[in-house]
Amino acid sequence: MAERYSSFTPGGTAWFLQRVTAAFLIVVLAFHFFLLHFVNHASEITFAGTQARMENIGYFLTMVLFLIAGAFHGVNGVYNALVNQGLSGTPKKVVLAVLTIAGALLIFQGIWVALVMSGMI
Amino acid sequence: MYEHDVLVVGAGGAGLRAAIAAHEAGADTAIVSKLHPVRSHTGAAEGGINAALQEGDDWELHAYDTMKGSDYLADAPAVETLAQDAPEDTMRLEHWGMPFSREEDGRVSQRPFGGLSYPRTTYAGAETGHHLLHTMYEQVVKRGIQVYDEWYVMNLATTDEEDPNDRQCEGIVAYDVQTGTVEGFKANQGVILATGGPGQAFDHTTNAVSCTGDGHAMAYRAGAPLEDMEFIQFHPTSLPSTGVLISEGVRGEGGILYNNEGERFMFEYGYANNSGELASRDVVARAELDEVAEGRGVKDEYVHLDMRHLGEERILDRLENILHLAEDFEGVDGLVEPMPVKPGQHYAMGGIEVDENGQTCIDGLYAAGECACVSVHGGNRLGGNALPELIVFGKRAGAHAAGDDLGEPEIRTGYGDDVEDDDTELPVAPGASGLDSADSVAADGGVAAETGTLEQAVERERARVDRLMDKDSGVQHAEIRAKLQNAMTDYVNVFRNEEGIEKALEIIRECREEYQDVYVDDPSTTFNTDLQQTIETRNLIDVAETIALGALVRNEFRGAHWRQENQVRDDENWLKHTLVSWDDGEPSIFYRPVILEGEEKTYEPKVRSY
Amino acid sequence: MSQSYNRGLIEDFGRWKEFSAGMWAWIFHKFTGWMLIGYLFTHIAVLSSAIAAADGQTMMLAGEQVDAYTGTLQGLESLFIVRVLEVGLLAVAVFHILNGIRLLMVDLGVGLTAQDKSFYASLVLTGVITVASVPTFMAGVGL
Amino acid sequence: MSTQQQEPESQESPQDPEMKGTESPQQRRLKEKEEGMVDEHAEEEAEAAGETVHIKVFRYDPEVADKQEPRFDDFHVPFEKGMTVLDAVMYARDEFDSSLTFRHSCRQAVCGSDAFFVNGSQMLGCKTQLSELEQPVRIEPLPHQEVVKDLVVDMDHFYDQMHAVEPYFQDEDTPAASDLEEQRQSPENREKIKMSSRCIWCGACMSSCNIAAGDNEYLGPAAINKAYKFAMDDRESEEIKEHRLRILEQEHGVWRCQTQFSCTEVCPKDIPLTEHIQELKREAVKKNLKFW
Ligand SMILES: Cc1cc2nc3c(=O)[nH]c(=O)nc-3n(C[C@H](O)[C@H](O)[C@H](O)COP(=O)(O)OP(=O)(O)OC[C@H]3O[C@@H](n4cnc5c(N)ncnc54)[C@H](O)[C@@H]3O)c2cc1C
Ligand code: HEM
Ligand code: SF4
Ligand code: F3S
Ligand code: FES
């Protein structure tokens, strides 16, 4: 009877990572919001200010991790939502591929931007 | 047409255990049940399973207690088998994963129960029956035993020899409730009836709506006698609107019974000056009815069971489930109001006459569980003795049907040279005599078939369904059923006297006549419960009649059977079982002596006092 | 099961009215999650103006010549609608975070009996935080 | 009739002597009833006070012409204190329309046959007091299951899911009768599985779960809970527990649960279903982490 479920995919890892990233995101997202809306008002952001912050290696790494975590968390979340909605078979594979590529591009683009801001390239 | 080696009718504790045993003995086994197995009424049992498990306890003590509890109307070989096998079969349940309550050292817990000389009632919380039922169903799933659920078994297919002892059961005819088709099931080795109790013969019962005595009626009409049907256990504290049981625990903890004048009647009117509310079930039940009859009942119907004085803390600690029961099923908050209670039919000690191997006098026809009477309960069942009966005799019936050699039975069945005929004059002719003609809607093939039995039986049942469905006016079964149930509760209840029982027999006869004009209103073949219940009502009429007949002839007070005319146990004349047999529609009554000789000792009737 | 058979009356009765707290929480969490990931993509796109800025590109903002990054960001910030959207984003993010915390607790098996209360608490807190931050978010709009 | 006062052996004390020998009180009552001295006030009073409950019951029968289009029928049932939803539909069936069809048996919340959708929520008919509901009381079959007829739904899918988790002790053979030694289990461990073992297979939880509605293969809360009962029972070995977790952590297993809690809310046996599902998720993660 259990054999009916032939597509045997233990989903624990993704689920777990979704929680871990969420926990991480709570902290950094709160920090991020606070810093860029309350300490520095969003409307007063300048390139120079951003560069100054990014030159701090700790801040830079935090932001990159933030990005990776956010991207994974978001993309994986969307994927899970679709799968839960009954996505299966080929469309599911396609969606997985598209989302993975989109996520990768997002991270890639984001890191490039961050590197530029920090003046490393 | 379906075909299996062993067919088990009913999927309560007895049916499931029988199926597992037959399967283990190598037979191709199937279960046919009108309910899905987990819906069976075994799930309602709360108290526990009696089994001599611990050191210091002994199966012989269990047997002794049971004989005494039965008021010496149980057959010793059956009682000893029960007591001997119960420990092993209870342990087997444990190995199948049944979640028994546990002691600190990890052993199963046992508790004291009324009438037991040793605390040997093994239990699983307050829901022992639920766990027993589910654990065994799990094993059925594990073994892949075929279950035809929501198939209503309408009749047996038996050959029609003159003497029931020569007849043979070849299979069953069942109605698929979902689709409305009638099919035959051939049983190569045996049919085991495990259809449970006949509680619905009464107006007020703790039994489920499905407890309609179908197995009793089918076996009875096929020629197997019904034994000791007059012995019905009534429970003194059931909720008036639904019959839900309020356990003895409330009185055990100190709950008090009051009449509508606020009097503690158990003492006030001297029903039980010593033990008051804790007197035995039948005493309390009779006291309650007396109060109501004397006009001191609440709403002329029930009395009050009050536990408020125990204090919220104690109630919540020990009797929390009672609070929920009263709240959910009666809309009463036990912390602020007293709970309404009245006696309700609870258990039938009698049933289809079988031997220790579960076999009836008809070859290939077995019965187990509450529908059977091996006679382990005799005149009164001890609390916690029904569940072990299910597993012990369910197992034996299954194994025997599948061909295992269990030895020669000591208990004899059917009409034979060891019985004594009854000559009581009856107020009305019982049975179908003069009523059922082959084309009346009530005709149901009570008479055994000629040849090619199963096919014929199927045809006959199809014709019966057609007749019931074609008829489009007349009386509805609900009306007849209500009338029957009221008659039983009014006249064959805790109080019994000749006049009343005769009255009941007359009303039963009326019901039978009215049933000739019964019709089914629902034209659908999909899940037609109207049709099913109409057929059940017919069975109830037959079963109720045997209860009344037994109650009429047994003019003594034994166990749960009380007769106003003769309120003593009469060992001189009545150490014998009452048997009612259908005899092709003209019931006859006869008696078979009770067997008091056990393996090693004889159980001498003693005064039953606790 | 549900889709295979149209129950007419019973299934299209606007059953959302009968949804319980946990179901709403699930729907809101989904909705806010999608909004957030959508925003993340947009956000990185907007921030990409930093690449142009580092290249030395400039643009006009309120009559001044500024670098592309500062110009884009401050330009957007000057729009009333963007500010409103930002408040919306804050609400969405705050709810997602608070309910996310609730979900993490549920995952750890903490306070399961209060799951409906914690959902309502998340809603209320989201409202309060959002309203409280309106002045900050709206400060100097249209500058 | 004998007026002899004999002591019934089984009783602790004699009964009221007045009762015996003469006409039984019950007889008297019955006579009175026949003569109309005891009025059956309950019913009359209810009618006079107009105390009836209005129930609207879903009707459908694929075979009967005027029931093929689902509809609601109205019944006005005389109200009595303590009346349940099941009592009301039974009354409607017995008194007004015998074709009204629903499953029911025990009337005491143990058989699990009568889970209905009452006023927008899944509940057991026999365990729900009418007085606690808003009128008219709308009674429908369980959502997300095929309707067979009136309030009867097809339970096969539910049973399939229950069977899919291998719901039985896995020991290959039970030992021979001679050495049936009990397996030990600590009271704590028994306590741990207590709630999960109470399930009566009513299907209310499954019907209430949005995820189960959208994903037919999702095991559903009841089946997962059933598996929990075995996975947490110390009497089974570690390997078997792992085997059980493997069944549960496949795609349509525990991960499908989105912690919507509606299952927990409707369960008539108060089983903390969501909690059990979440615990299994953690167990599965723990097991996976070991291999890292
Ligand atoms: C409230 C209550 C509490 C109890 N407590 C205890 C206790 O603590 N200890 C104890 O030992 N005993 C107790 N008993 C008694 C005991 O539970 C029953 O005697 C026992 O469960 C009966 O089991 P069974 O297998 O014979 O029948 P059931 O469990 O009633 O099963 C009958 C089966 O037969 C099927 N069936 C019936 N008719 C047909 C038909 N025509 N066609 C097909 N299938 C059919 C039904 O579907 C069902 O599956 C209690 C009883 C009640 C009512
Ligand atoms: C700040 C803290 C955050 C927390 C605590 C958090 C928490 C969670 C959790 C626990 C889930 C899983 C829900 C489930 O599977 O049941 C989830 C889903 C999701 N999150 Fe977050 N999250 C956070 C931030 C973010 C961010 C920044 C984004 C966007 C980039 C995001 C996008 C999503 C998406 C798209 C989902 C899937 C929603 C769905 O099920 O449809 N989250 N979040
Ligand atoms: S878990 Fe609760 S709601 Fe679900 S089937 Fe079991 S008893 Fe019914
Ligand atoms: S309702 Fe469904 S989503 Fe999970 S918590 Fe219950 S199974
Ligand atoms: S009738 Fe058995 S659960 Fe309601």
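Thresholds applied
Residues numbered from 1 in each chain as written. Chains lettered and ligands numbered in written order. Predicted model: local features only at pLDDT ≥ 70, side-chain atom pairs only at ≥ 80, totals over all residues. Heavy atoms only, no water. Pairing = 2+ DSSP bridges. Helix = DSSP H or I, 4+ residues; strand = E, 2+ residues; numbered from the N terminus. Buried < 20%, exposed > 50% of the residue type's maximum accessible area, 1.4 Å probe, protein only. Lys, Arg positive; Asp, Glu negative; His and termini not counted. Salt bridge = Lys/Arg side-chain N within 4 Å of Asp/Glu carboxyl O. Polar contact = N/O pair within 3.5 Å; in protein donor to acceptor, adjacent residues only side chain to side chain. Contact = heavy atoms within 4.5 Å. 1 Å grid on protein atoms, 1.4 Å probe; cavity = no way out; pocket = protein on both sides within 12 Å on 5 of 7 lines; lining within 4 Å. Points joined across faces, edges and corners; volume = space filled by probe spheres on them. Nonpolar A, V, L, I, M, F, W, Y, C, P; charged D, E, K, R; others polar. Axes fitted to C-alpha atoms, helices over the stretch in contact; angles between N-to-C directions. Parallel < 35°, antiparallel > 145°, perpendicular 65-115°, else oblique. Left-handed = near helix turned anticlockwise from the far one by under 90°. Domains from an automatic or database assignment. Buried area = accessible area lost by both parts, 1.4 Å probe.

J.: With reference to specific residues and values, describe the sheet that holds strand β5 (residues 121-122) of chain B.
T.: Residue and element names in this part refer to chain B. Judged by pairing direction, the sheet is antiparallel, and its three strands sit side by side in the order β3-β5-β4 without closing on themselves. Of all strands in the sheet, those bounded by a partner on one side alone are β3 (49-50) and β4 (110-111). Pairing of β3 with β5, which is carried by two bridges, proceeds in the antiparallel orientation. Across the sheet, residue Ile49 finds its bridge partner in β5, namely Thr122.

J.: Mind laying out the side chain of Asp87 of chain D, listing which residues take part and the relevant values?
T.: Along the polypeptide, Asp87 of chain D turns up in helix α3 (residues 85-96). In this structure, Asp87 of chain D is buried with no salt-bridge partner, the nearest side chain bearing the opposite charge being Arg107 of chain D at 6.7 Å. Polar contacts involving the side chain of Asp87 of chain D include one to the main-chain amide nitrogen of Thr84 of chain D, which spans 3.1 Å. In this structure Asp87 of chain D touches Thr242 of chain B together with Gly82 of chain D, once residues within four positions along its chain are discounted.

J.: How would you summarise the arrangement of the chains if you had to cite specific residues and measurements?
T.: Contact analysis covers four pairs of chains in contact, and the most contacts occur between chains B and D. For the non-touching pair chain A and chain B, the nearest C-alpha separation works out to 11 Å. Between chain B and chain C there is no contact; the minimum C-alpha to C-alpha separation amounts to 17 Å.

J.: Got a sec to walk through empty space enclosed by the protein? Specific residues and values, please.
T.: Counted according to the given criterion, the structure contains 14 cavities of 30 Å³ or more. As a volume, the largest cavity reaches approximately 270 Å³. Residue lining of the largest cavity: 20 residues in total, with Leu35, Thr529 and Gln532 of chain B together with Arg103 and His104 of chain D positioned closest to the centre. Examining the composition of the lining of the largest cavity, we find that four residues originate from one element, helix α15 (residues 529-553) of chain B, more than from any other. Partitioning the lining of the largest cavity into residue classes produces six nonpolar, eight polar and six charged. In this structure, the second largest cavity occupies an estimated 100 Å³ of space.

J.: Account for the packing of helix α1 (residues 13-24) of chain B against helix α11 (residues 386-401) of chain B, naming residues and giving values.
T.: Residue and element names in this part refer to chain B. Taken N-terminus to C-terminus, the directions of α1 and α11 make an angle of 40 degrees; their axes are 7 Å apart at the nearest point. Here α1 is positioned oblique relative to α11, judged by the angle of their axes. Read as a crossing pair, α1 and α11 show a hand that is right-handed. Along the contact surface, α1 presents Gly13, Ala14, Arg17, Ala18, Ala21 and Ala22, while α11 presents Leu390, Ile391, Gly394, Lys395, Gly398 and Ala399. A per-class count over the contact of α1 with α11 returns seven nonpolar, three polar and two charged.

J.: Describe the domain arrangement of chain B, with residues and values.
T.: All names here are of chain B. Structurally, chain B comprises domain 1 (1-231 + 349-609) and domain 2 (233-345). On the side of domain 2, 20 residues touch domain 1, which itself brings 21 residues to the contact. Of the roughly 1700 Å² buried between domain 1 and domain 2, counting both surfaces, carbon and sulfur atoms make up 57%. Counting the contacts that link domain 1 with domain 2 gives zero salt bridges. Between domain 1 and domain 2 we count eight residue pairs in polar contact (both at pLDDT 80 or more) in total. Of the residues in the side of domain 1 that touches domain 2, the class split is 10 nonpolar, eight polar and three charged.

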